[in-house]
Amino acid sequence: MVAVARPVGVVPTMGWLHDGHRALMARARVGNATSVVTIFVNPRQFNEAADYTRYPRDEPRDLAICEEEGVDLVWAPPVEEVYPAGFDTTVVVGAVAQPLEGAARPGHFEGVATVVAILFNVVRAERAYFGQKDAQQVMVIRQMARDLAIPTEVIACPTVREPDGLALSSRNVHLSPPERAAAPALRRALLAAHARWRSGERSAEALRAVMRGTLAAEPLARVDYVSVADGATLAELDQVDGPALLSLAVRFGETRLIDNEPLP
Ligand code: AMP
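The text that follows walks through the structure, step by step, so that each part is easy to find. (Residues numbered from 1 in each chain as written. Predicted model: local features only at pLDDT ≥ 70, side-chain atom pairs only at ≥ 80, totals over all residues. Heavy atoms only, no water.)

**Notes on unusual backbone geometry**
A cis amide bond, omega 0°, links Arg-6 with the succeeding residue Pro-7. With respect to the helices and strands, Pro-7 occurs in the segment before strand S1 (8–13). A positive phi angle, close to 50°, is found at Arg-124, a residue other than glycine. Assignment of secondary structure puts Arg-124 in the loop between helix H6 (108–123) and strand S4 (127–131). In this model, Ala-149 sits at a positive phi of 55°, which is unusual for a non-glycine residue. Note that Ala-149 resides in the loop between helix H7 (135–147) and strand S5 (153–157). For Ala-149, a relative accessible area of 64% corresponds to the exposed category. (Helix = DSSP H or I, 4+ residues; strand = E, 2+ residues; numbered from the N terminus. Buried < 20%, exposed > 50% of the residue type's maximum accessible area, 1.4 Å probe, protein only.)

**Points about the sheet that holds strand S7 (residues 244–252)**
What holds strands together in a sheet is hydrogen bonding between their backbones, with the strands either parallel or antiparallel. Pairing in this open sheet of three strands is antiparallel, and the strands run S6-S7-S8 from one edge to the other. Strands with a single pairing partner mark the edges of an open sheet, and in this sheet they are strand S6 (221–230) and strand S8 (255–263). Ignoring strand direction, the axes of neighbouring strands in this sheet form an average angle of 15°. Sheet strands in contact with helix H10 (residues 204–216) are S6, S7 and S8, and its direction is about 160° off that of S6. (Pairing = 2+ DSSP bridges. Axes fitted to C-alpha atoms, helices over the stretch in contact; angles between N-to-C directions. Contact = heavy atoms within 4.5 Å.)

**A short note on the site of the ligand**
The environment of the ligand is formed by 17 residues, the closest being Met-14, His-21, Asp-134, Val-160 and Leu-168. Within the contact set of the ligand, an oxygen atom lies 2.9 Å away from a backbone nitrogen or oxygen of Met-14. Interatomic distance of 2.9 Å between a backbone N/O atom of Gly-131 and an oxygen atom of the ligand. Across the complex, the protein chains shield 94% of the 480 Å² of accessible surface that the ligand would expose by itself. Secondary structure elements with two or more residues in the shell around the ligand: S1, helix H1 (19–31) and S4. Among the elements that make up the shell around the ligand, the one with the highest residue count is H1 (three residues). Residues belonging to the shell around the ligand are distributed by class as follows: eight nonpolar, seven polar and two charged. (Near = heavy atom within 4 Å. Polar contact = N/O pair within 3.5 Å; in protein donor to acceptor, adjacent residues only side chain to side chain. Areas by Shrake-Rupley, 256 points an atom, 1.4 Å probe, with all protein chains shown as cover. Nonpolar A, V, L, I, M, F, W, Y, C, P; charged D, E, K, R; others polar.)

**Some words on the pattern of salt bridges**
Applying the stated criterion across every chain yields a total of 17 salt bridges. Here Arg-61 and Asp-62 are joined by a salt bridge, their closest N and O atoms 4.0 Å apart. Judged by relative accessible area, Asp-62 falls into the buried class, the value being 2%. In the salt-bridge network here, residues are joined through shared partners; they are Asp-19, Arg-22, Glu-68 and Glu-69. (Salt bridge = Lys/Arg side-chain N within 4 Å of Asp/Glu carboxyl O.)

**Thoughts on the pairing of S7**
Burial runs high along S7: eight of the nine residues are buried. When S6 meets S7, the two strands line up antiparallel, connected through nine bridges. Its bridge partner lying in S7, Ser-227 is registered against Ser-247. For S7 and S8, the ladder comprises nine bridges, and the chain directions are antiparallel. Across the sheet, residue Ser-247 finds its bridge partner in S8, namely Asn-260.

Listed below in structure tokens is the structure:
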């Protein structure tokens, strides 16, 4: 990269920027001398071709948002710049990439780890900001950066939500009005399980049942998975007696949404 003031903070995104991305940009801008946003819809992390094709894109709007947020540099490369002819390397992260999104979306985290390794090496930021909304992604990237001795510090930032609790996501644009009305069921399910945990329930299966029960009341919701997993390894738990992650993936029509809530 050209000579820039240090430290550098980077926010990797796939564009169609929303307030969740803006919160990450604000963290990068406030905490660093130079803030960088990358915008790249990474074909390698889509396990469904249709999901990649219909992923929303609007580069002029995204650039305007970066400017509004005071971002210093944007890198929005074409696919051939990231993956030139002859590109032939894949970064494969181990155990933490296997369950949940790794199991539901074969190849997804290989694509994520590969592209993030590339952009960490291109941007060479001191810090990179990611959303807790993609909790497993943060864990996979931390593992990758540690194992590959990439010095960029991986910082997780809180999930930004709509007033009704739905986590902001570029994919929300695909929800029909009835699906959009139904989508806060993800948050309700997580909060119901969290409340049950606070009132003393420690059986992971009981907490999963609370989430399934909440989602079952929403006819448009088709559950992909509900999980109560170890907070460090993401292995499914029998008993919750340490840090854990409640998480779920739910389809509304063609649109698949994820959300999570940590248990301390
Ligand atoms: P994406 O463009 O969806 O790949 O997301 C880029 C970054 O923004 C990732 O680190 C996401 O976890 C993060 N992000 C996406 N949605 C939210 C949200 N609602 N709140 C906070 N961060 C988010």
